Amino acid sequence: RHAFEGHNSSSLILTHLGSGSSMCCVRNGKCLDTTMGLTPLEGLVMGTRSGDIDPGIVGYLSRVLKKTPAQVDAMLNKESGLLALSGISADMREIQAAALRGDDDAVFARKVFVERVRKYLGAYLIKLRGECEALIFTGGIGENDAQIRADVCAGLEGFGIDLDPVLNFSVAADKGKDFIRDISTPFSRTKVLIIHSSESEAIALQSANFLHVFEENMKQHQIQMKQAARHTIAAIASGTSRPDLVKLEPSQSNVKLEPIGRGIYMDGVGPISGEEIGLLYQVLPYAPKLGYFRPFADDDDRKLRTIRELFQLTDTPLQSMRGATPSEASEMLTQGREDELLDIVIEKYVEYAADKDFVLVSRGHLGQLGDVFWTAKVAAALSLPVVYVCHDQITPRGFYGGDQVTYHNNPQAYVSRVSEVAARVKEAVDSRGGKLAGVITTIPPGVPQDSVESMFDRVGVYPAAILPFDERFSHIAMSEIAYALNANVLLGRDLLSSQVAKGVVVATRYVPETLETLRNMEPGQLLVTHGERTDLLLAVVMAQQSPDFPPVAGIVLSGSFNGDVCYGSTEERAVGGDGNTSLRRALSILRRVPNAVRIPPVISVDASTYEAASAVHEMRPILLPSSHQKIEAAQILFECHLDSAFRQSLLATVTSEAQSASTEPRRKEAFVTTPKLFQHRLFSKARSQKMTIVLPEGDDRRVVAAA
């Protein structure tokens, strides 16, 4: 995946050459054939193993040389191979040294070794129908013996395997754990890769998985690590001196709040992913079995998948973490089947939450964001307290610039707006007999904290957290752009999450004009140009090496190159199959550039230049598992600014249940039974004990007796 920029290659030939050697050919992640048989003895010539032999040899050794089966087995496994052919050693390094001194047996041993590899290489090329995307060398000999690699690949240019002799013989001897190097020429259809292998690590991991060693301890270990990280985050936050972060006093309260319980219902105005993540990180150290549920979501719901991956909630299928799909819900509401819809949500939630320490239920409305009465209705049906993010939605800067809402000159406008939202939420929740556990707001620059606190006190809602505005939440990283455009990553996957785009430049002019435009703009521009503009791609990459040239955030290559683009697993598919040879060669060259050279991320899309640029212009910030800066900001903000009394209320139940878990069974029922939950439990019990009920149509004694 690393070699192919995050995608699985569809056809590979793996050559593991060492004291023990083997080869295999792979298509679409599955092994089609391997040189090994019932035992590792079959196949390639190895240090002391013979590899392929005529089966008649076994009878000959037994009949003529009077060898017992055990002796034949020992001979073929421990006294054959390179050791027997060279008469020197089983170590290829010693054989190579002897061959350089002119030892004929050593030269012969190396030739036999190479020819056996080439024999299987030819067979596997045929098995893959000539479509091999990568030939991989690994193992002690494969990684370190350049001459063996050269001999194996000699004369195979007609098969698309073209080894670069300079790259091949310049591979450093000191290779790290994650070492990978492409040693093929730009014209080679097949990549020739050297990849470091760690057999001992692979064996240990497979053994541990087989014995289920990790399953019991992994999650608890992660929780302990997260709990330790909280102290680190707090230390970082207390020592931070970022000028762009509004400084607020941590909220400390002597108020005693009721325990929230084992779940909350969270909703708000605008995006609330950051607030959800911040709260979940507060609960995580005390709730190993954390849960996240969305009443209405598809299986490909971005937020659901992000939270699931971020908090490693993969022990539960996605379908169990949601209620109905939006299309199902809309259809049922249109038909007036609201009660039936709520029953579906309740049933799936109760089943999901049964074995969880804590569950955060994320907004369940289907219409306009901020539909507080629908929020109150679903939360009441689930018997969950509501935490509402009720700040005025601060418009992210995006790529337009200047449209971000500020309140320096009129802070009262913000307070009035939030006061209106908070009052409406309180009214909606109270009307349903629910509980508003607290509200969360983010104060934009220019708004005093004390005025917001006074406003919440007047409205009668509790401020769970008053957060300072953090600009990182308005950033749009290259990883988010690639996700939104469904782009194929051609270069720089490791930089996607750290590169923030500050603007968009559409490049349709000549190279000098484009470079001059970029030079006069602030750093962090996103360049959008057609995929055939290889000249621009190379020119911008070279310009990045100048300290006087503003760094770009990334490059988007647009257009269905020669009309044949499709997002498959190979670079050739991503750049149009047989078309656009110049782009394929340019990318091949750029991938060979040393890591010290700065190359911005390059992604490709199937849309036109205008469509791609327009889509980027209309983007708003999103949050992905790779949005490390936003996730870190959420952790720090909630660690520092979550109200102390609210934190105690939030954690009271999960901490007390954790302490008494060894002596008392977990209470699976909710603390408050609502009509909907009572009805659900009643129906569930009835379904589990099916009986026939006869209702007589009158009070006549004969009718009643018959019934």
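Keep in mind that this is a model prediction, so the values were computed, not measured. (Residues numbered from 1 in each chain as written. Predicted model: local features only at pLDDT ≥ 70, side-chain atom pairs only at ≥ 80, totals over all residues. Heavy atoms only, no water.)

**Thoughts on the overall build of the chain**
For the chain, the helix and strand inventory stands at 27 helices and 18 strands. Of all 707 residues assigned to the chain, the portion counted as buried reaches 49%. In the chain, once contacts between residues fewer than 6 apart in sequence are set aside, the share between residues at least 24 apart is 73%. Surface accessibility of the chain: about 35100 Å² in total, with carbon and sulfur atoms responsible for 53%. (Helix = DSSP H or I, 4+ residues; strand = E, 2+ residues; numbered from the N terminus. Buried < 20%, exposed > 50% of the residue type's maximum accessible area, 1.4 Å probe, protein only. Contact = heavy atoms within 4.5 Å. Areas by Shrake-Rupley, 256 points an atom, 1.4 Å probe, with all protein chains shown as cover.)

**Comments concerning the environment of Q71**
Here Q71 is to be found in helix α2 (residues 69–78). Between the alpha carbons of Q71 and L61 there is a distance of 9.3 Å; along the sequence they are 10 residues apart.

**Some remarks on the packing of helix α16 (residues 411–431) against helix α17 (residues 449–459)**
Direction vectors running N to C along α16 and α17 enclose 30°, while the axes themselves pass 10 Å from each other. Relative to α17, the element α16 is oriented roughly parallel. The handedness of the crossing between α16 and α17 is right-handed. In this structure, α16 contributes Y414, V415, V418, S419, A422, A423 and K426 to the contact, and α17 contributes S451, V452, M455, F456 and V459. (Axes fitted to C-alpha atoms, helices over the stretch in contact; angles between N-to-C directions. Parallel < 35°, antiparallel > 145°, perpendicular 65-115°, else oblique. Left-handed = near helix turned anticlockwise from the far one by under 90°.)

**Things to note about the packing of aromatic side chains**
By the definition in use, this model includes four aromatic pairs. Relative to F311, the ring of Y281 has its centre 4.7 Å away and its plane inclined at 50°; by these criteria the two rings are tilted. Remark: F311 occurs in the loop between α12 (302–310) and β9 (322–324) and Y281 occurs in helix α11 (residues 273–283); sequence separation between them is 30 residues. Each member of the pair, Y281 as well as F311, carries the same accessibility label: buried. Through successive ring pairs, a cluster of aromatic residues spans F293, Y349 and Y352. A cation over an aromatic ring shows up here: K356 above the ring of Y352, its NZ or CZ 4.3 Å from the ring centre. (Phe/Tyr/Trp six-rings, centres within 6.5 Å; stacked < 30°, edge-to-face > 60°. Lys NZ or Arg CZ within 6 Å of the ring centre and 35° of its normal.)

**Observations regarding the side chain of S11**
Secondary-structure assignment places S11 in strand β1 (residues 11–16). Those residues within four positions of S11 in sequence are excluded, and the remaining contacts are V26, R27, L128, E131, C132, E133 and A134.

**A few points about the sheet that holds strand β4 (residues 134–138)**
Ordered in space as β3-β2-β1-β4-β6-β5, the six strands form an open sheet in which the pairing is mixed. Across the chains shown, the open sheet's two edge strands, defined by having one partner strand only, are β3 (30–34) and β5 (180–182). Neighbour-to-neighbour, the strand axes of the sheet open up by a mean angle of 25°, direction not taken into account. Here three bridges tie β5 to strand β6 (residues 191–195), and the two strands are oriented antiparallel to one another. In the sheet register, I180 faces β6, and the bridge partner there is I195. The strands touched by helix α5 (residues 104–127) within the sheet are β1, β2 (22–27), β3 and β4, with β2 carrying the most contacts at an inclination of about 10°. (Pairing = 2+ DSSP bridges.)

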